Amino acid sequence: MDNTLLITVSAQNALRRQMDVAANNMANVSTAGFKSESVLFEPVIRRPASIAERPKTVEFVRDYTIARDFRPGALQRTDNPLDFALAGEGYFTVQTPQGNAYTRDGRFQMDTQGRIVTGDGRPVLDTTGQPITLDITQGEPLVAKNGSIQQNGVTVAQLGIARFDRPGALDKVGDNLWRPTGEAAQAAADPQVVQGMIEGSNVVAVTELTRIMEISRAFESATRLQKQTEDLRGRAIERLARVQS
């Protein structure tokens, strides 16, 4: 396979990965607490191709990681007493079978045991690491900015809001949950909890649509160059065959 085909295949693979990420961003434009993603590339150190003319080397790149934009999304009012948003830094702490996980998605509900849980039934934890349980006979809870939860004027729990020095090191584990790698969660010093609101996705739909169009055009250009190269090689083989005959 000649250098041109190697380059176009490398470009197509990179663009396909970019398209997957951009499409996932668009699919989550309405997902509460979702953080947009982008692909980061790095040069391939081992050079699989070279040419005699200038430039002397052919550069290849590969996608090596996904970068996430952790800037907060816009707050959206729901007036649901079990919907919470974080106006500042931090993450809600959620109990999972694999250990604690963290999320910015504050669309919570109450299960049959009176526990505050996520949409898929995972308990939300307090500052002591225990599930938060409410007394349904005491009316709707009131949540202060610091995350303390009251019923009938009595504080019954406080939301466990965690923070991380390096949020970029958080691993996505599915269901809008994150898990830290190599760093322990710390208690947020000054959490800003807002009741009756949720944090929207920080994906900008216009930006992602523009990116998808750019990726599509670039893929078409690589495919067109690939076809031209194949056609040129085919004509060269035909001419060589005629000369030899």
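First, a word on scope: everything that follows refers to the structure included in this document.

Conventions and cut-offs
- Residues numbered from 1 in each chain as written.
- Predicted model: local features only at pLDDT ≥ 70, side-chain atom pairs only at ≥ 80, totals over all residues.
- Heavy atoms only, no water.
- Helix = DSSP H or I, 4+ residues; strand = E, 2+ residues; numbered from the N terminus.
- Buried < 20%, exposed > 50% of the residue type's maximum accessible area, 1.4 Å probe, protein only.
- Areas by Shrake-Rupley, 256 points an atom, 1.4 Å probe, with all protein chains shown as cover.
- Pairing = 2+ DSSP bridges.
- Contact = heavy atoms within 4.5 Å.
- Polar contact = N/O pair within 3.5 Å; in protein donor to acceptor, adjacent residues only side chain to side chain.
- Phe/Tyr/Trp six-rings, centres within 6.5 Å; stacked < 30°, edge-to-face > 60°.
- Salt bridge = Lys/Arg side-chain N within 4 Å of Asp/Glu carboxyl O.

Notes on the overall build of the chain
Then comes step 1: Across its full length, the chain carries two helices and 17 strands.
Then comes step 2: Across its three principal axes, the chain shows a C-alpha extent of roughly 95 × 35 × 30 Å.
Then comes step 3: Within the chain, the proportion of its 245 residues that are buried is 36%.
Then comes step 4: When the accessible surface of the chain is summed, it comes to about 14,000 Å², and 52% of that surface belongs to carbon and sulfur atoms.

So, the sheet that holds strand E9 (residues 142-143)
Then comes step 1: A sheet is described by the order of its strands in space; here three strands give the open sequence E9-E10-E11, paired in antiparallel fashion. Only two strands of the sheet have a single partner each, and these edge strands are E9 and strand E11 (154-158).
Then comes step 2: Bridging between E9 and strand E10 (residues 148-151) involves two bridges; their strand directions are antiparallel. Within the sheet, the bridge partner assigned to Val 143 lies in E10 and is Ile 149.

Digging into the environment of Leu 82
Then comes step 1: Relative to the helices and strands, Leu 82 is located in the loop between strand E3 (75-77) and strand E4 (84-86).
Then comes step 2: With 26 residues separating them in the primary sequence, Leu 82 and Phe 108 have C-alpha atoms 5.4 Å apart.
Then comes step 3: Not counting residues up to four positions away in its chain, the partners in contact with Leu 82 are Gly 106, Arg 107, Phe 108, Gln 109, Met 110, Ile 116, Leu 134 and Pro 141.

A closer look at the side chain of Gln 226
Then comes step 1: Tracing the backbone through its elements, the reader meets Gln 226 in helix H2 (residues 205-244).
Then comes step 2: Looking at Gln 226, the relative accessible area reads 15%, which means it is buried.
Then comes step 3: Polar side-chain contacts of Gln 226 include one of 3.3 Å to the side chain of Thr 8.
Then comes step 4: Side-chain polar atoms of Gln 226 contact the side chain of Gln 12, separated by 3.3 Å.
Then comes step 5: Sequence-distant contacts of Gln 226, that is, excluding residues within four places in its chain, are made with Leu 5, Thr 8, Val 9 and Gln 12.

Looking at the side chain of Asn 28
Then comes step 1: Mapped onto the fold, Asn 28 is located in the loop between helix H1 (3-27) and strand E1 (37-43).
Then comes step 2: Residue Asn 28 is classed as buried on the basis of its relative accessible area of 17%.
Then comes step 3: Ignoring anything within four residues of it in the chain, the contact list for Asn 28 reads Phe 34 and Ser 201.

Some details on the packing of aromatic side chains
Then comes step 1: Applying the stated criterion across every chain, the model contains five aromatic pairs.
Then comes step 2: Ring geometry for Phe 70 versus Trp 178: centroids 5.3 Å apart, planes at 55°, classification tilted. Separated by 108 residues along the polypeptide, Phe 70 in the loop between strand E2 (61-68) and E3 and Trp 178 in strand E14 (residues 177-179) bring together distant segments of the chain.
Then comes step 3: Relative accessible area serves as the criterion here: at 3%, Trp 178 is assigned to the buried category.
Then comes step 4: Where Phe 84 meets Phe 108, the ring centres are 5.9 Å apart and the plane angle is 70°; that geometry is what we call edge-to-face. Taken as a pair, Phe 84 in strand E4 and Phe 108 in the loop between strand E6 (99-103) and strand E7 (109-110) lie far apart in primary sequence, 24 residues in all.
Then comes step 5: Taking the relative accessible area as the measure of exposure, Phe 108 reaches 4% and is therefore buried.
Then comes step 6: By way of ring pairs, the aromatic residues Phe 84, Phe 92 and Phe 108 are connected into one cluster.

Some points on the pattern of salt bridges
Then comes step 1: The final tally for this structure, using the stated rule, is 14 salt bridges.
Then comes step 2: Here Arg 104 makes a salt bridge to Glu 199, at a shortest N to O gap of 2.8 Å. Highlighted residues: Arg 104 in the loop between E6 and E7 and Glu 199 in strand E17 (residues 197-199), separated in sequence by 95 residues.
Then comes step 3: Here Arg 104 falls in the buried class, since its relative accessible area comes to 6%.
Then comes step 4: Look at Glu 199 and you get buried, because its relative accessible area is 0%.
Then comes step 5: Across the salt bridge formed by Glu 208 and Arg 211, the nearest N and O atoms sit 3.2 Å from each other. Linking Glu 208 with Arg 211, this pair stays in helix H2, spanning three residues, or about one helical turn.
Then comes step 6: On the accessibility criterion, Arg 211 (29% relative accessible area) is partly exposed.

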